[in-house]
Amino acid sequence: MLNSLQAPLLFGLTAAFITTLGLITVSVRGDWSARYSGLFALAAGGMLVSLTLLHIAPEAFELSTRTPIFLMVGFFGGLILHFGVGAAFPESSDRGRAAAITPLAAVAIHSLLDGMIYSVTFAASFSSGVYAAASLMLHEFPEGVIAFAILRRHSFSNREAFIWAFIASAATTPLGVLVATPFMYGLTPDIIGSLFAVSAGLLLYVATGPLMEPLEEEPPLRSLLALSTGVGLAILMALMPLHPHEEEGGHIVPAPHEIQQ
């Protein structure tokens, strides 16, 4: 088990480091990032919608026939969690902070799944794991920025936002590796696809709901520019030629019979 853990954990820690670089980039200008947190949130929303539709959801559809069901589970699960938080903190002075729980949880779940994917793909073959890691790492840097923007948007201080964003978006990736490694031979493509679908649904809810709230506050032109920037960055990442593949053009996640060997 130790040998099977080394490679995915190394890449998981590297992913956490890249995410932390994104956090450091925005946190060193804490006052500035707080002032423009609404625009950061809109850019993050545009990026999340685009990455979900261009990358995460298609991956889920390739792997599982039940993807539409789990997409709905993720989307409406996020909605229920959001309203549940609102019911738990109806008039509290911390209500603004509590509103960050749902979007931050969505980022954390997605980051945790990234770590699990590292374990599963490296279990198939080293080359599959490297291709998967290279592809997934493309969005690690903005993932830290997105988590930080969410927290600053909801009245967290610069230091608090950095700590919680690090836990949600960076530390969860190697944690996913550690959680998945003992069970990686039982994670079939269908299960991975279902998990991807839940993650995609959650992120779509966050991107189209909480992260779009600044549309009512920011000037229309600036809002459009922020959204367009996020969408443009996501498209650029999707077009980069670092995509996982197998020798016969299949998917990075091995077929069930390959996992069991």
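Before any of the text, the structure's been laid out above.
Criteria and cut-off values
- Residues numbered from 1 in each chain as written.
- Predicted model: local features only at pLDDT ≥ 70, side-chain atom pairs only at ≥ 80, totals over all residues.
- Heavy atoms only, no water.
- Phe/Tyr/Trp six-rings, centres within 6.5 Å; stacked < 30°, edge-to-face > 60°.
- Helix = DSSP H or I, 4+ residues; strand = E, 2+ residues; numbered from the N terminus.
- Buried < 20%, exposed > 50% of the residue type's maximum accessible area, 1.4 Å probe, protein only.
- Contact = heavy atoms within 4.5 Å.
- Axes fitted to C-alpha atoms, helices over the stretch in contact; angles between N-to-C directions.
- Parallel < 35°, antiparallel > 145°, perpendicular 65-115°, else oblique.
- Left-handed = near helix turned anticlockwise from the far one by under 90°.
- Nonpolar A, V, L, I, M, F, W, Y, C, P; charged D, E, K, R; others polar.
- Core = buried A, V, L, I, M, F, W, Y, C linked by side-chain atoms within 4.5 Å.
- Expected span 1.5 Å × (residues − 1).
- Bend = angle between axes of the 7 residues up to and from the residue.

J.: How would you summarise the packing of aromatic side chains if you had to cite specific residues and measurements?
T.: Tallied over the full model, the rule gives 2 aromatic pairs. Ring centres 5.7 Å apart and planes at 90 degrees place the aromatic pair F75 and Y205 in the edge-to-face group. Here F75, found in helix α4 (residues 67-88), pairs with Y205, found in helix α10 (residues 189-208); they are 130 residues apart in sequence, far enough to count as distant. Note on Y205: relative accessible area 7%, which makes it buried. Put simply, the rings of F75, F76 and Y205 pair up and form one aromatic cluster.

J.: Could you give an account of the environment of L5, naming the residues involved and the relevant values?
T.: By secondary structure assignment, the location of L5 is in helix α1 (residues 2-27). Judged by relative accessible area, which is 14%, L5 ranks as buried. Linking L5 and F122, residues 117 residues apart in sequence, is a C-alpha distance of 8.9 Å. Once you skip the residues sitting within four places of it in the chain, L5 turns out to touch V177, L178 and T181.

J.: A description of the packing of helix α8 (residues 140-153) against helix α9 (residues 158-180) should follow, citing residues and the corresponding values.
T.: At a minimum axis separation of 8 Å, α8 and α9 run at an interaxial angle of 140 degrees. Here α8 lies oblique to α9, going by the angle between them. Where α8 crosses over α9, the two elements pack in a sense that is right-handed. Between α8, through E140, E143, G144, A147, F148, L151 and R152, and α9, the contact on the second element is made entirely by N158, A161, F162, W164, A165, S169 and T173. Residues belonging to the contact of α8 with α9 are distributed by class as follows: 7 nonpolar, 4 polar and 3 charged.

J.: So, the nonpolar core: which residues are in play, and what are the values?
T.: In terms of nonpolar packing, the biggest core is built from 40 residues, with L48, I146, L151 and L211 touching the most fellow members. For this core, the secondary structure elements donating two or more residues are α1, α3 (37-63), α6 (101-124), α8, α9, α10 and α11 (220-239). With 9 residues, the top contributor of residues to this core is α10. If we ignore the near neighbours within four places in the chain, the residues touching L48 are I146, L203, V206, A207 and L211. Within the second largest apolar cluster, 5 residues are counted, among which are L42, M212, A226 and L227.

J.: Explain α9 residue by residue, including any values.
T.: If you check α9, its first and last C-alpha atoms are 32 Å apart, about what 23 residues at 1.5 Å a residue would give, namely 33 Å. Where α9 bends most, the angle comes to about 45 degrees, and this point is T172, followed within four residues by the proline P174. Residues A161, A165, A168, S169, A170, T172, T173, P174, G176, V177 and A180 constitute the buried set of α9.

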